[in-house]
Amino acid sequence: DIQMTQAPSSLSASVGDRVTITCRASQSISHYLNWYQQKPGKAPKLLIYAASSLQSGAPSRFSGSGSGTDFSLTISNVQPEDFATYYCQQVYTTRTFGQGTKVEI
Amino acid sequence: EVQLVESGGGLVQPGGSLRLSCVASDFSLNSYTMDWVRQAPGKGLEWVSYIDTTSSNKYYADSVKGRFTISRDNARNSLYLQMDGLRDDDTAVYYCVRDFGMVINDYYYYRLDVWGQGTTVTVSS
(Lines give C-alpha, C1' and ligand atoms only; values in the text may rest on other atoms or scores of the structure.)
Protein backbone atom coordinates (compact mmCIF):
# COMPACT_ATOMS: atom_id res chain seq x y z
CA ASP A 1 0.00 0.00 0.00
CA ILE A 2 1.11 3.56 -0.71
CA GLN A 3 1.68 5.70 2.37
CA MET A 4 1.30 9.48 2.29
CA THR A 5 3.22 11.66 4.75
CA GLN A 6 2.43 15.35 5.20
CA ALA A 7 4.60 17.98 6.84
CA PRO A 8 4.21 19.80 9.06
CA SER A 9 1.35 18.37 11.12
CA SER A 10 0.38 21.89 12.09
CA LEU A 11 1.55 25.41 11.49
CA SER A 12 0.72 28.92 12.57
CA ALA A 13 0.28 31.69 10.07
CA SER A 14 -0.97 35.25 9.85
CA VAL A 15 -3.34 36.77 7.34
CA GLY A 16 -1.35 37.69 4.24
CA ASP A 17 1.36 35.06 4.77
CA ARG A 18 2.48 32.54 2.17
CA VAL A 19 2.12 28.97 3.45
CA THR A 20 3.49 25.74 1.98
CA ILE A 21 2.49 22.22 2.98
CA THR A 22 4.39 19.20 1.70
CA CYS A 23 3.24 15.66 0.97
CA ARG A 24 5.48 12.70 0.24
CA ALA A 25 4.40 9.37 -1.22
CA SER A 26 6.10 6.10 -0.29
CA GLN A 27 6.47 5.30 -4.00
CA SER A 28 6.12 7.22 -7.24
CA ILE A 29 2.54 8.25 -8.02
CA SER A 30 3.23 10.47 -11.05
CA HIS A 31 0.68 13.32 -10.85
CA TYR A 32 -2.08 11.26 -9.18
CA LEU A 33 -2.36 13.56 -6.17
CA ASN A 34 -5.25 15.65 -4.88
CA TRP A 35 -5.55 18.23 -2.07
CA TYR A 36 -8.59 18.85 0.13
CA GLN A 37 -9.54 21.46 2.72
CA GLN A 38 -11.67 20.59 5.73
CA LYS A 39 -13.17 22.93 8.30
CA PRO A 40 -14.44 21.70 11.69
CA GLY A 41 -17.75 19.85 11.46
CA LYS A 42 -17.83 20.04 7.67
CA ALA A 43 -17.14 17.64 4.83
CA PRO A 44 -13.84 18.10 2.98
CA LYS A 45 -13.70 20.20 -0.18
CA LEU A 46 -11.54 19.49 -3.19
CA LEU A 47 -8.97 22.20 -3.92
CA ILE A 48 -6.41 20.73 -6.31
CA TYR A 49 -6.46 17.63 -8.51
CA ALA A 50 -3.84 15.97 -10.71
CA ALA A 51 -1.18 17.63 -8.52
CA SER A 52 -1.58 21.14 -9.95
CA SER A 53 -5.05 21.67 -11.46
CA LEU A 54 -7.28 24.09 -9.54
CA GLN A 55 -10.78 22.74 -8.88
CA SER A 56 -13.58 24.93 -10.20
CA GLY A 57 -14.62 27.39 -7.51
CA ALA A 58 -11.42 27.11 -5.50
CA PRO A 59 -9.63 30.45 -4.98
CA SER A 60 -6.62 31.11 -7.20
CA ARG A 61 -4.40 31.75 -4.17
CA PHE A 62 -4.23 27.95 -3.82
CA SER A 63 -1.70 26.19 -6.01
CA GLY A 64 -0.20 22.73 -6.18
CA SER A 65 3.03 21.36 -7.59
CA GLY A 66 5.14 18.25 -7.72
CA SER A 67 5.30 14.83 -9.32
CA GLY A 68 6.62 11.40 -8.51
CA THR A 69 6.93 11.26 -4.73
CA ASP A 70 7.13 14.91 -3.63
CA PHE A 71 4.29 17.40 -3.75
CA SER A 72 3.35 20.71 -2.21
CA LEU A 73 0.31 22.88 -1.65
CA THR A 74 0.90 26.62 -1.41
CA ILE A 75 -1.51 29.23 -0.14
CA SER A 76 -0.37 32.69 -1.15
CA ASN A 77 -1.80 35.61 0.81
CA VAL A 78 -3.58 33.50 3.47
CA GLN A 79 -7.10 34.71 4.19
CA PRO A 80 -9.13 34.24 7.42
CA GLU A 81 -11.29 31.59 5.77
CA ASP A 82 -8.20 29.49 4.92
CA PHE A 83 -7.62 28.43 8.52
CA ALA A 84 -8.51 24.76 8.28
CA THR A 85 -6.99 21.29 7.94
CA TYR A 86 -5.53 20.23 4.61
CA TYR A 87 -5.15 16.68 3.32
CA CYS A 88 -3.30 15.23 0.38
CA GLN A 89 -4.60 12.07 -1.28
CA GLN A 90 -3.07 9.69 -3.78
CA VAL A 91 -5.31 8.16 -6.43
CA TYR A 92 -2.60 6.19 -8.22
CA THR A 93 -3.75 2.91 -6.71
CA THR A 94 -6.91 2.68 -4.61
CA ARG A 95 -6.81 5.83 -2.45
CA THR A 96 -4.81 6.98 0.58
CA PHE A 97 -4.92 10.22 2.52
CA GLY A 98 -2.12 11.97 4.30
CA GLN A 99 -2.53 12.54 8.02
CA GLY A 100 -3.48 16.19 7.58
CA THR A 101 -1.95 19.59 8.25
CA LYS A 102 -3.78 22.04 10.49
CA VAL A 103 -3.27 25.69 9.58
CA GLU A 104 -3.92 27.89 12.59
CA ILE A 105 -3.88 31.57 13.27
CA GLU B 1 -28.17 21.13 -6.72
CA VAL B 2 -25.74 18.24 -7.04
CA GLN B 3 -25.62 16.52 -3.67
CA LEU B 4 -25.23 13.27 -1.80
CA VAL B 5 -27.26 12.43 1.29
CA GLU B 6 -26.23 9.63 3.62
CA SER B 7 -28.40 7.81 6.14
CA GLY B 8 -28.32 4.71 8.30
CA GLY B 9 -25.81 5.70 10.94
CA GLY B 10 -26.42 5.12 14.62
CA LEU B 11 -25.32 3.37 17.79
CA VAL B 12 -24.47 -0.32 17.53
CA GLN B 13 -22.81 -2.80 19.85
CA PRO B 14 -19.45 -4.37 19.02
CA GLY B 15 -19.94 -7.28 16.66
CA GLY B 16 -23.14 -5.79 15.29
CA SER B 17 -24.11 -4.67 11.80
CA LEU B 18 -25.29 -1.50 10.07
CA ARG B 19 -26.13 -0.64 6.50
CA LEU B 20 -25.38 2.87 5.30
CA SER B 21 -27.20 4.34 2.33
CA CYS B 22 -26.42 7.30 0.11
CA VAL B 23 -28.76 8.88 -2.41
CA ALA B 24 -27.58 11.15 -5.19
CA SER B 25 -29.50 14.21 -6.37
CA ASP B 26 -29.22 16.11 -9.64
CA PHE B 27 -26.78 13.69 -11.24
CA SER B 28 -26.83 10.08 -12.34
CA LEU B 29 -24.85 7.83 -10.06
CA ASN B 30 -24.33 5.30 -12.87
CA SER B 31 -21.77 7.54 -14.55
CA TYR B 32 -19.39 7.66 -11.59
CA THR B 33 -17.13 5.56 -9.44
CA MET B 34 -18.23 6.06 -5.84
CA ASP B 35 -16.35 5.92 -2.54
CA TRP B 36 -16.88 5.75 1.19
CA VAL B 37 -14.47 7.75 3.36
CA ARG B 38 -14.58 7.89 7.15
CA GLN B 39 -13.23 10.10 9.91
CA ALA B 40 -12.90 8.94 13.50
CA PRO B 41 -13.47 11.58 16.19
CA GLY B 42 -10.57 14.03 16.22
CA LYS B 43 -8.68 12.07 13.56
CA GLY B 44 -7.88 12.41 9.88
CA LEU B 45 -9.61 11.11 6.79
CA GLU B 46 -9.47 7.38 6.02
CA TRP B 47 -10.49 5.98 2.64
CA VAL B 48 -12.73 2.93 3.19
CA SER B 49 -13.89 1.57 -0.16
CA TYR B 50 -14.79 2.28 -3.77
CA ILE B 51 -16.92 0.70 -6.46
CA ASP B 52 -16.78 1.28 -10.19
CA THR B 53 -19.75 2.21 -12.35
CA THR B 54 -20.80 -1.36 -13.15
CA SER B 55 -19.93 -2.90 -9.76
CA SER B 56 -17.28 -5.00 -11.52
CA ASN B 57 -14.47 -3.68 -9.34
CA LYS B 58 -14.67 -3.09 -5.62
CA TYR B 59 -11.74 -2.22 -3.38
CA TYR B 60 -11.43 -1.97 0.38
CA ALA B 61 -9.01 -0.62 2.94
CA ASP B 62 -7.23 -3.41 4.81
CA SER B 63 -8.89 -2.23 8.04
CA VAL B 64 -12.38 -3.19 6.75
CA LYS B 65 -11.66 -5.96 4.24
CA GLY B 66 -13.81 -9.01 4.89
CA ARG B 67 -16.20 -7.09 7.16
CA PHE B 68 -17.60 -4.31 4.93
CA THR B 69 -19.32 -4.66 1.56
CA ILE B 70 -19.90 -1.82 -0.88
CA SER B 71 -22.71 -1.99 -3.40
CA ARG B 72 -24.79 0.24 -5.61
CA ASP B 73 -28.20 0.35 -7.22
CA ASN B 74 -27.93 2.64 -10.21
CA ALA B 75 -31.68 2.42 -10.85
CA ARG B 76 -32.28 3.90 -7.39
CA ASN B 77 -29.34 6.31 -7.77
CA SER B 78 -28.03 4.88 -4.51
CA LEU B 79 -24.82 3.65 -2.91
CA TYR B 80 -24.60 1.36 0.10
CA LEU B 81 -22.11 0.16 2.69
CA GLN B 82 -22.94 -3.02 4.60
CA MET B 83 -20.88 -3.08 7.78
CA ASP B 84 -20.63 -6.35 9.70
CA GLY B 85 -18.49 -7.37 12.63
CA LEU B 86 -18.30 -3.77 13.80
CA ARG B 87 -15.52 -2.81 16.20
CA ASP B 88 -14.95 0.13 18.51
CA ASP B 89 -12.42 1.58 16.05
CA ASP B 90 -15.07 1.72 13.31
CA THR B 91 -16.64 4.62 15.20
CA ALA B 92 -16.53 7.54 12.76
CA VAL B 93 -18.40 9.88 10.50
CA TYR B 94 -18.88 8.10 7.19
CA TYR B 95 -18.94 10.15 3.99
CA CYS B 96 -20.34 9.09 0.64
CA VAL B 97 -18.22 10.64 -2.11
CA ARG B 98 -18.36 10.97 -5.89
CA ASP B 99 -15.12 9.86 -7.53
CA PHE B 100 -14.93 11.79 -10.77
CA GLY B 101 -12.57 10.65 -13.49
CA MET B 102 -11.46 12.59 -16.53
CA VAL B 103 -8.74 12.49 -19.16
CA ILE B 104 -5.97 15.05 -18.82
CA ASN B 105 -3.09 14.95 -21.30
CA ASP B 106 -3.97 11.37 -22.32
CA TYR B 107 -4.05 10.12 -18.73
CA TYR B 108 -7.16 9.31 -16.65
CA TYR B 109 -7.26 11.19 -13.34
CA TYR B 110 -9.71 10.75 -10.46
CA ARG B 111 -10.77 13.20 -7.78
CA LEU B 112 -13.32 13.15 -4.97
CA ASP B 113 -15.37 16.14 -6.02
CA VAL B 114 -18.77 15.81 -4.33
CA TRP B 115 -19.11 14.83 -0.66
CA GLY B 116 -22.16 14.06 1.42
CA GLN B 117 -22.69 15.67 4.80
CA GLY B 118 -21.74 12.44 6.58
CA THR B 119 -23.54 9.99 8.84
CA THR B 120 -22.24 9.08 12.30
CA VAL B 121 -21.60 5.48 13.31
CA THR B 122 -20.89 4.80 16.97
CA VAL B 123 -19.79 1.34 18.05
CA SER B 124 -20.06 0.93 21.79
CA SER B 125 -21.43 -1.39 24.41
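Computed from a prediction, not measured in an experiment: that's the story for all the values here.

Caption draft 1: Up close: the sheet that holds strand S8 (residues 70–75) of chain A. All names here are of chain A. Across the sheet, which stays open at both edges, the 4 strands sit in the order S1-S3-S8-S7 with antiparallel pairing between neighbours. Since the sheet does not close on itself, it has two edges, and those belong to strand S1 (4–7) and strand S7 (62–67), each with one partner. Neighbouring strand axes in the sheet, compared pairwise and without regard to direction, differ in orientation by 20 degrees on average. Examined bridge by bridge, S7 and S8 share 6 bridges and lie antiparallel to one another. Opposite Gly-64, over in S8, you have Leu-73 as the bridge partner.

Caption draft 2: Geometry of the sheet that holds strand S1 (residues 3–7) of chain B. Residues and elements named next belong to chain B. Pairing is antiparallel across the open sheet formed by 4 strands, whose spatial order is S1-S3-S8-S7. For this open sheet the edge positions go to S1 and strand S7 (68–73), each flanked by a neighbour on one side alone. Each adjacent strand pair in this sheet contributes to an overall mean axis angle of 20 degrees, direction not counted. When S7 meets strand S8 (residues 78–83), the two strands line up antiparallel, connected through 6 bridges. Bridge assignment links Ser-71 to a residue of S8, and that residue is Tyr-80.

Caption draft 3: Molecular detail of the pattern of salt bridges. Residues and elements named next belong to chain B. Across all of its chains, the model carries 13 salt bridges over all chains by this definition. Note that Lys-65 is salt-bridged to Asp-62, the shortest N-O span being 3.1 Å. Beyond isolated ion pairs, a larger network of salt bridges with shared partners links Arg-38, Glu-46, Arg-67 and Asp-90.

Caption draft 4: Geometry of the state of the cysteines. Under the counting rule described, the total for this entry stands at 2 disulfides over all chains. The disulfide partner of Cys-23 of chain A is Cys-88 of chain A, and the S-S distance across this bridge is 2.1 Å. Taking the sign of the S-S torsion, 70 degrees for the link of Cys-23 of chain A and Cys-88 of chain A, the bridge is right-handed. In this pair, Cys-23 of chain A sits in strand S3 (residues 19–25) while Cys-88 of chain A sits in strand S9 (residues 85–90), placing the two residues 65 residues apart along the sequence. Residue classification places Cys-23 of chain A among the buried positions, given a relative accessible area of 1%. For Cys-22 of chain B, the disulfide goes to Cys-96 of chain B, at an S-S distance of 2.0 Å. Its S-S torsion of about -70 degrees marks the bond between Cys-22 of chain B and Cys-96 of chain B as left-handed, since a negative value means left-handed. With Cys-22 of chain B in strand S3 (residues 18–25) and Cys-96 of chain B in strand S9 (residues 92–104), this pair connects stretches of sequence that are 74 residues apart.

Analysis parameters
Residues numbered from 1 in each chain as written. Chains lettered and ligands numbered in written order. Predicted model: local features only at pLDDT ≥ 70, side-chain atom pairs only at ≥ 80, totals over all residues. Heavy atoms only, no water. Pairing = 2+ DSSP bridges. Helix = DSSP H or I, 4+ residues; strand = E, 2+ residues; numbered from the N terminus. Axes fitted to C-alpha atoms, helices over the stretch in contact; angles between N-to-C directions. Salt bridge = Lys/Arg side-chain N within 4 Å of Asp/Glu carboxyl O. Disulfide = S-S within 2.5 Å. Buried < 20%, exposed > 50% of the residue type's maximum accessible area, 1.4 Å probe, protein only.

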